[in-house]
Amino acid sequence: MPVTQFNAADCLRNQLMDFSVDSATSIPWLVRLLENSQSPVALPGSISLFNHDCLHILLGRDRSPESEAYVIGFTMGNDVRCQSIHLWIFKIFALFFYPEKYRLRWSDLGEFDRGVAHGRHLDIKNLNQINFSHLQDHSIFELRKQFQLSLMCAQ
């Protein structure tokens, strides 16, 4: 399970400079339709690309397919609106209809489910709705503490 040890003393802004690789316009329309918070038919856990990258860092997850599955599962599981049907819809689209680069592999489903469980277990809900742009100058350590995010759960 890929877990990256980001420098917890470093601020979120610095970590994002080294982490973000995709632009919002490069994300395929089907992925944006289901996962982007601005989509009218987005699934629970939908989130902006910027906030998604922030959660990758706060959860200590890298850009691997397994980590991507984990972070998406986490945001869905952490959204109070998420029900089993939403998880099944996402899995079907991500396994069979997403473009190759964004498609989940069967082997990624375990990480997705672990992310869902971690998100549901967290006392603080709806982290996908937090505006992380106002928190960029906070240290990773401070933010993990504030949002009760433990790397132990992500490993």
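So, how was this worked out
Residues numbered from 1 in each chain as written. Predicted model: local features only at pLDDT ≥ 70, side-chain atom pairs only at ≥ 80, totals over all residues. Heavy atoms only, no water. Phe/Tyr/Trp six-rings, centres within 6.5 Å; stacked < 30°, edge-to-face > 60°. Helix = DSSP H or I, 4+ residues; strand = E, 2+ residues; numbered from the N terminus. Buried < 20%, exposed > 50% of the residue type's maximum accessible area, 1.4 Å probe, protein only. Lys NZ or Arg CZ within 6 Å of the ring centre and 35° of its normal. Core = buried A, V, L, I, M, F, W, Y, C linked by side-chain atoms within 4.5 Å. Contact = heavy atoms within 4.5 Å.

1. Side note on the packing of aromatic side chains
- Taken as a whole and assessed by the stated rule, the structure comprises five aromatic pairs.
- Relative to Trp106, the ring of Phe96 has its centre 5.9 Å away and its plane inclined at 70°; by these criteria the two rings are edge-to-face. Taken together, the positions of Phe96 in helix 5 (residues 84-97) and Trp106 in the loop between helix 5 and helix 6 (109-121) put the pair ten residues apart, joining distant regions of the chain.
- Residue Phe96 is classed as partly exposed on the basis of its relative accessible area, which comes to 45%.
- Overall, the relative accessible area of 61% leaves Trp106 in the exposed class.
- The ring of Tyr70 carries the charged tip of Arg61 above its face, separated from the ring centre by 4.4 Å.

2. Remarks on the nonpolar core
- Judged by nonpolar contacts, the single largest core of 20 residues is most densely connected at Leu12, Phe74, Phe132, Phe147 and Leu149.
- The residues touching Leu12, leaving out its near neighbours within four places in the chain, are Cys54, Ile57, Phe132, Leu135, Gln136, His138, Ile140 and Leu143.
- The next biggest cluster of nonpolar side chains, apart from the first, holds 18 residues, and it includes Leu87, Ala94, Tyr98 and Leu109.

3. Digging into the environment of Arg13
- Its location among the elements puts Arg13 in helix 1 (residues 12-19).
- In this structure Arg13 comes out as partly exposed when scored by relative accessible area, which is 34%.
- Once the C-alpha coordinates of Arg13 and Ile140 are considered, the two residues, 127 residues apart in sequence, prove to be 9.5 Å apart.

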